[in-house]
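Spelled out from the first residue to the last, the chains are:
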Amino acid sequence: MNALNIWFLTGSQDLYGDDALHQVALHTKQMVEELNASGNLPLVLVVKPVLKSSAEILKTIQHAEADESCAGVVCWMHTFSPAKTWIAGLSILTKPLLQLHTQFNERIPFDTMDMDFMNLNQSAHGDREFGHITARMGLRRTVIAGHWSHEETQQRIGRWMRSAAAVAESRTLVVVRFGDNMRDVAVTDGDKVEAMIQFGWSVPYFGIGDLVDMMASIPNGDINLLIDEYRHSYTLKEGMDEAFFFQQVTEQARIELALEKFLQQNNAMAFSTNFQDLHGMKQLPGLAVQRLMGKGYGFAGEGDWKIAALVRILKRMGEGLSGGSSFMEDYTYHLEKGAMLDLGAHMLEVCPSISKDRPTLEVHPLGIGEREDPARLVFDGAAGPALCASIIDLGHRFRMVISEVETIDSPHAFKRLPVARVLWKPLPDLITASEAWILAGGGHHTAYSSALDTDYLLTYAEMMGIEAVRIGKGTSIHQLRSELRWNEAYWSGHTRV
Ligand code: MN
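Residues numbered from 1 in each chain as written. Predicted model: local features only at pLDDT ≥ 70, side-chain atom pairs only at ≥ 80, totals over all residues. Heavy atoms only, no water.

*Asks:* Let's hear about helix α11 (residues 287-294): which residues, and what values?
*Replies:* An α-helix turns once every 3.6 residues. As a result, residues three or four positions apart point the same way. Within α11, 7 of the 8 residues are buried, which leaves the element mostly enclosed by the surrounding structure. Buried residues of α11: Leu287, Ala288, Val289, Gln290, Arg291, Leu292 and Met293, and no others. (Buried < 20%, exposed > 50% of the residue type's maximum accessible area, 1.4 Å probe, protein only. Helix = DSSP H or I, 4+ residues; strand = E, 2+ residues; numbered from the N terminus.)

Right under this line is the structure:
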């Protein structure tokens, strides 16, 4: 996040004279300095000279577009800024736009205010003029109203910044696919060209043999160092044949080192594997994948590149927040009346960032993929609010589906289940949430996050210009069906010519 910043653009015009414009610049500087010092903003705000004409605005936005460290712009009208002067600049803006509807003074100075004060402090109508032109131009944007010194306002700006950082990540994201998606599976397939146009995701294919070659080049010394790290980080499962255990763990360490090197060489921050395509591999990558997700890489199994990308996007958005994000799959239900639960897991690949306790490193057979017993981390997911999100390709557009959940501590121990798992109550309840998810066409794979809430994802979807459907508190099936139909009408009108 340190490499990114957000430009703060204050609009005005020449009409007010030098003294007033000098005040506007001083106020802007003070606001931005205090906002940056608040500790509530993950990205630095960069103050720009007060903008007074169409030419200045166009040039500034051209520079914002060209600056790779700029992840978006905040616009604020301290005084009245005629919005025709914004049309040229806004028409070339592709980066996220936040209209901060605030004003310099928190309160009306009833006793002292005169017309000079009134002429200087005009955000209430200046921001309406600006808002009008963004509505008229149909721009993707976020509006946050509130005094800039208020904690709630600052936190909302900070949250918007995280979504903007995820957009910057999205524009350059490379997802390495080892093999294609699982044969005959529908939801993991999709239009990769359209994904690149819409999200910026590049999803190149590589043969698994390329990874196998890389594995052969990993020095044994590096593998031994990594195994020492495993010993420090995890509890080793007791009662296993030690020689066999370390032989299997060694193989995963070799995969981890080769995978990371391969991803670095391809500037990739996400990847997918497929158990149907493991030529030359002794094990399905398990521990190796979990470790790389723990380091911030996106991943999804069975060639599910859309979810691999989404896991990376959520990891980027949630950097530094408590909780984590992981690849996930709805596995099996507990349908006891009044106590219904959804058990999420995968064959192996769940990220330890969502773990409740220190994970256990274990080796067990895997009944799929016809390979040796893979090493994996086993743990329970931490309790608390979380979400499961999926991006699907409907053929003519992408849809994000988000399900809000409450993860719980399992009332019973899993004595014989050798994989990481998470047990949650979907909101508003399992029956409604699962019916809604299926009606919306959400996939079986998801990106799970205990670090983020729905707002971050809805803002990201808004910035990317894709449909988003939220399932959570207050959802009813009737309302959701209507929403899906209205969305169909809206998005069907969104074609590129
Ligand atoms: Mn799966």
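*Asks:* Which residues make up the coordination of the manganese ion, and what values go with them?
*Replies:* All of the protein donors around the manganese ion are Glu302 (OE), Glu302 (OE), Glu329 (OE), His346 (NE2) and His445 (NE2); their distances to the metal are 2.1 to 2.7 Å. When the donor residues of the manganese ion are listed from N- to C-terminus, their spacing reads E-x26-E-x16-H-x98-H. Taken as a pair, glutamate 302 in the loop between β10 (298-300) and α12 (305-317) and glutamate 329 in strand β11 (residues 325-334) lie far apart in primary sequence, 27 residues in all. Neither glutamate 302 nor glutamate 329 differs from the other in exposure class; each is buried. (Donors = N, O, S within 2.8 Å, 3.2 Å for Na, K, Ca; no water.)

*Asks:* Tell me about the sheet that holds strand β14 (residues 375-378), and please be specific about residues and values.
*Replies:* Here we have 3 strands laid out as an open sheet, ordered β8-β13-β14, and mixed in their pairing. Each edge of the open sheet carries a strand with a single partner, namely β8 (235-236) and β14. Across 4 bridges, strand β13 (residues 360-363) lies against β14 in antiparallel orientation. The residue bridging glutamate 362 from the neighbouring strand is arginine 376, located in β14. Its contacts with the sheet place helix α10 (residues 242-265) against β8, β13 and β14, and it is angled at close to 105° to β13. (Pairing = 2+ DSSP bridges. Contact = heavy atoms within 4.5 Å. Axes fitted to C-alpha atoms, helices over the stretch in contact; angles between N-to-C directions.)

*Asks:* Which residues make up the pattern of salt bridges, and what are the values?
*Replies:* Enumeration over the complete set of coordinates arrives at 21 salt bridges. Note that arginine 312 is salt-bridged to glutamate 169, the shortest N-O span being 2.7 Å. One end of the pair, arginine 312, is in helix α12; the other, glutamate 169, is in helix α6 (residues 151-172), and 143 residues separate them in sequence. The buried category is assigned to arginine 312, whose relative accessible area is 7%. Glutamate 229 serves as the salt-bridge partner of arginine 291, at 2.9 Å between the closest nitrogen and oxygen. With a gap of 62 residues between them, arginine 291 in helix α11 and glutamate 229 in helix α9 (residues 220-233) connect regions that are remote in the sequence. With a relative accessible area of 7%, arginine 291 lands in the buried category. (Salt bridge = Lys/Arg side-chain N within 4 Å of Asp/Glu carboxyl O.)

*Asks:* Which residues make up the state of the cysteines, and what values do they have?
*Replies:* Taken as a whole and judged by the stated rule, the model has 0 disulfides. The closest cysteine sulfur to the non-disulfide-bonded cysteine 351 is located on cysteine 388, 14 Å from its own sulfur. Taking the relative accessible area as the measure of exposure, cysteine 351 reaches 0% and is therefore buried. (Disulfide = S-S within 2.5 Å.)

*Asks:* Give a description of the side chain of histidine 445 that names residues and reports values.
*Replies:* One can find histidine 445 in strand β18 (residues 445-449). In terms of polar contacts, histidine 445 uses its side chain to reach the side chain of glutamate 329, at 3.2 Å. The residues touching histidine 445, leaving out its near neighbours within four places in the chain, are Thr188, Gly301, Glu302, Asp304, Ile307, Phe327, Met328, Glu329, His346 and Ser390. (Polar contact = N/O pair within 3.5 Å; in protein donor to acceptor, adjacent residues only side chain to side chain.)

*Asks:* Residues and numbers for the packing of aromatic side chains, please.
*Replies:* The tally for this structure, following the rule as stated, stands at 13 aromatic pairs. Plain terms: the ring middles of phenylalanine 178 and phenylalanine 262 are 5.1 Å apart, the flat faces sit at 55° to each other, and that makes the pair tilted. Here phenylalanine 178 is found in strand β6 (residues 175-178), whereas its partner phenylalanine 262 is found in helix α10, with 84 residues between them in sequence. The two residues phenylalanine 178 and phenylalanine 262 agree in class, both being buried. Aromatic side chains phenylalanine 245 and phenylalanine 246 sit 5.2 Å apart centroid to centroid with 90° between the ring planes, which places their arrangement in the edge-to-face category. Through successive ring pairs, a cluster of aromatic residues spans Phe178, Phe206 and Phe262. Between lysine 48 and the ring centre of tryptophan 7, over which it is positioned, the NZ or CZ distance is 3.8 Å. The positively charged end of lysine 306 is found above the aromatic ring belonging to tryptophan 305, 5.0 Å away from the centroid. (Phe/Tyr/Trp six-rings, centres within 6.5 Å; stacked < 30°, edge-to-face > 60°. Lys NZ or Arg CZ within 6 Å of the ring centre and 35° of its normal.)

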